[in-house]
Amino acid sequence: MEQKLKELQAEALQKIEQTEDLKSLNDIRVAYLGKKGPITEVLRGMGQLSAEERPKMGALANEVRAAISEKIEAKQEALEAAAVEKQLASETIDITLPGRPVKVGNHHPLTKVIEEIEDLFIGMGYQVAEGPEVEKDYYNFEALNLPKGHPARDMQDSFYITEELLLRTHTSPVQARTMEKHEGKGPVKIICPGKVYRRDNDDATHSHQFMQIEGLVVDENITMGDLKGTLQVFAKKMFGEDREIRLRPSFFPFTEPSVEMDITCKICGGEGCSVCKGTGWIEILGAGMVHPNVLEMAGFDSKKYTGFAFGMGPERIAMLKYGIDDIRHFYTNDIRFLKQFAVNE
Ligand code: PHE
């Protein structure tokens, strides 16, 4: 019996050794260690053994089982490890292969200019306000001291949708809306960027759709000096410390007095050249002290409150800042144009 058990052990160990997959390893386990296996079979003959031999055989049988199952365990581990190795090898990424370059985009020049202007004014305590592009005639004109039939409406040829609705011609309706929300209580300190629309024929300096940024400050004791100081800071930050500004009298129905701001020409330094048309100055924006009618219509007491407002076109600012000669470049998305603004990002 001892002989038989030893033979079974040797036979099983050899089979285990030769197995190459987990399935047949499991078959061996079932075959040798299972209840119907040969070891159990041999042990059935135990009844014929003497009382001293029986425990010896039992111990031997246990040893044989232990040896086989130990070998199976070891083999199983080895096979599993090999399977993992194989999978890893098949999934290996060849990191020596040169990568494909990822194309990185950059901000549109208008976005850059608008964000720069926003940052500057946010730094001075302004909040960014927005309003609808499809606007009521009331906010676009009437609340800004431009009643129906007012000749100054001609300054801004408009796209009307109905009698009372139009595509806003400027961002000034946002000031009217914001003031109204403040219910007669200051301070109001906002900057409003956004798209505006006018019935213009597109050419190098005109577009039927363009951007504006409006600024508005309403509080007690706001003066023209505050407006000038603010615009001076803006011009120097945007165009360079060496730039001077000048305010020229102008007219807007919603401001009184009204001004236009020029900065000294960067090309000629004020001598006069083709860019500044020989004047040494370049027009940048319109501004003025908020008209008392506009304050009153929005619910502010114009005896107590004063304010200033200014409005500019970021396209124009970007054209001057980057030397762009045609406003249409901003809207045609020519990648060769846009790519030039990737620098410094
Ligand atoms: N809304 C004016 C325009 O589009 C610009 C402006 C804004 C002028 C605020 C004065 C004050 O022409």
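An unreviewed UniProt entry lists the protein chain under the name Phenylalanine--tRNA ligase alpha subunit, from Heyndrickxia camelliae. Heading Sequence similarities (unreviewed entry) of the UniProt record for the protein chain holds this comment: "Belongs to the class-II aminoacyl-tRNA synthetase family. Phe-tRNA synthetase alpha subunit type 1 subfamily." UniProt, in the comment section headed Catalytic activity (unreviewed entry), describes the protein chain in these words: "tRNA(Phe) + L-phenylalanine + ATP = L-phenylalanyl-tRNA(Phe) + AMP + diphosphate + H(+)".

For the rest of this paragraph, the subject is the site of the ligand. In the region of the ligand, 14 residues are neighbours, and H170, S172, R198, Q212 and E214 sit closest. In the model, an oxygen atom of the ligand is placed 2.9 Å from a nitrogen or oxygen of the R198 side chain. Within the contact set of the ligand, an oxygen atom lies 2.8 Å away from a side-chain nitrogen or oxygen of Q212. Broken down by secondary-structure element, the contributors of at least two residues to the shell around the ligand are β6 (209-219), β9 (281-290) and β10 (306-312). With 3 residues, β10 is the single largest residue contributor to the shell around the ligand.

The next point concerns the sheet that holds strand β4 (residues 165-167). If you walk across this open sheet you meet the 3 strands as β2-β4-β3, and the pairing is antiparallel. The sheet is open, and its two borders are formed by β2 (134-136) and β3 (159-160), each paired with just one other strand. Inspection of the sheet shows β2 paired to β4 by 3 bridges, in the antiparallel sense. Across the sheet, the residue bridging to E135 is L166, located in β4.

Let us now look at the pattern of salt bridges. Inspection of every chain in the model, using the stated rule, returns 17 salt bridges. Among the salt bridges present, the one from K6 reaches E2, with a minimum N-O distance of 3.4 Å. Of this pair, K6 and E2 both sit in helix α1 (residues 2-18), 4 residues apart, which is roughly one turn of the helix. Given the relative accessible area of 40%, E2 is considered partly exposed. Here the salt bridges do not stand alone but share partners, grouping D137, E142, K148, R153 and E164 into one network.

Rules and cut-offs
- Residues numbered from 1 in each chain as written.
- Predicted model: local features only at pLDDT ≥ 70, side-chain atom pairs only at ≥ 80, totals over all residues.
- Heavy atoms only, no water.
- UniProt positions renumbered as here; feature names shortened; annotations may be inferred.
- Near = heavy atom within 4 Å.
- Polar contact = N/O pair within 3.5 Å; in protein donor to acceptor, adjacent residues only side chain to side chain.
- Helix = DSSP H or I, 4+ residues; strand = E, 2+ residues; numbered from the N terminus.
- Pairing = 2+ DSSP bridges.
- Salt bridge = Lys/Arg side-chain N within 4 Å of Asp/Glu carboxyl O.
- Buried < 20%, exposed > 50% of the residue type's maximum accessible area, 1.4 Å probe, protein only.

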